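# Understanding the architecture of this molecule
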Amino acid sequence: MSEKRYFRQQNPFIVPTTDGKLIEEHIGLASTGTGQYSVAHMVAPPQWSEPHQRPEFDEVTIVVRGRKRFEIDGEVVELGAGESLLIKAGARVRYSNPFDQECEYWSVCVPAFSPATVNREEA
């Protein structure tokens with residue numbers, strides 16, 4: 001019998017956080033050992049933010065509900081439900097949800113997200 005050419009994720013890796021954000025990695029380094037790309041489902045609570053970073057990967061964000069703010073190389077972009085955004089590797093970016101409702105979104109990183117290549121700045 002040949003090897004399956006698909007993988008069904010039934011138990012995504014839940015990334016431990018201390019800021020109330022839910023991160024479920026469906027495909028990627030932590031969940032499946034996949035380094036080429038990662039796919040994660042996230043829910044950011046109201047008033048959430050993280051420090052600036054300069055990732056070494058491209059990241060696509062697709063907002064499902066709520067709104068999300070991006071500070072990209074000094075420019076502010078806000079997305080609402082049904083909108084998407086590509087941020088290219090090397091951009092200085094800060095993600096936040098300064099709004100009163102949680103924000104649900106999906107993130108695809110190429111290559112896969114890694115704590116070693118996200119390059120977060122000290123707060």
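Above this text you will find the structure in question.
So, here's what we can say about the structure. On a predicted model such as this, the values are computed, not experimentally measured, just so you know.

## A closer look at the environment of A40
Looking at the element boundaries, A40 is found in strand β3 (residues 38-44). Each C-alpha atom of the pair A40 and W106 lies 5.6 Å from the other, and the pair is 66 residues apart in sequence.

## What about the environment of V118?
Following the sequence through the fold, V118 ends up in helix α1 (residues 115-118). For V118, a relative accessible area of 2% puts it in the buried group. Along the backbone, V118 and R54 are 64 residues apart, and their C-alpha atoms lie at a distance of 6.1 Å. Ignoring any residue separated from it by four or fewer positions in sequence, one finds V118 in contact with Q53, R54, P55, F57 and F113.

## Some remarks on the pairing of strand β10 (residues 103-110)
Judged from the seven bridges that link them, β3 and β10 form a sheet pairing that is antiparallel. Bridging from a neighbouring strand, S38 pairs with C109 of β10. Bridge count between strand β5 (residues 58-65) and β10: seven bridges; the pairing is antiparallel. Among the inter-strand pairings, R65 is bridged to a residue of β10, identified as E104.

## Quick notes on the sheet that holds strand β2 (residues 22-27)
Read across the sheet, six strands follow the order β1-β2-β3-β10-β5-β8 without closing on themselves; strand pairing throughout is antiparallel. Bordering the open sheet on either side are β1 (13-14) and β8 (84-87), each of which pairs with just one other strand. Where β5 meets β8, four bridges bridge the pair, whose relative direction is antiparallel. In the sheet register, T61 faces β8, and the bridge partner there is L85.

The rules behind the values
- Residues numbered from 1 in each chain as written.
- Predicted model: local features only at pLDDT ≥ 70, side-chain atom pairs only at ≥ 80, totals over all residues.
- Heavy atoms only, no water.
- Helix = DSSP H or I, 4+ residues; strand = E, 2+ residues; numbered from the N terminus.
- Buried < 20%, exposed > 50% of the residue type's maximum accessible area, 1.4 Å probe, protein only.
- Contact = heavy atoms within 4.5 Å.
- Pairing = 2+ DSSP bridges.

Shape descriptors only; they carry no functional weight alone.
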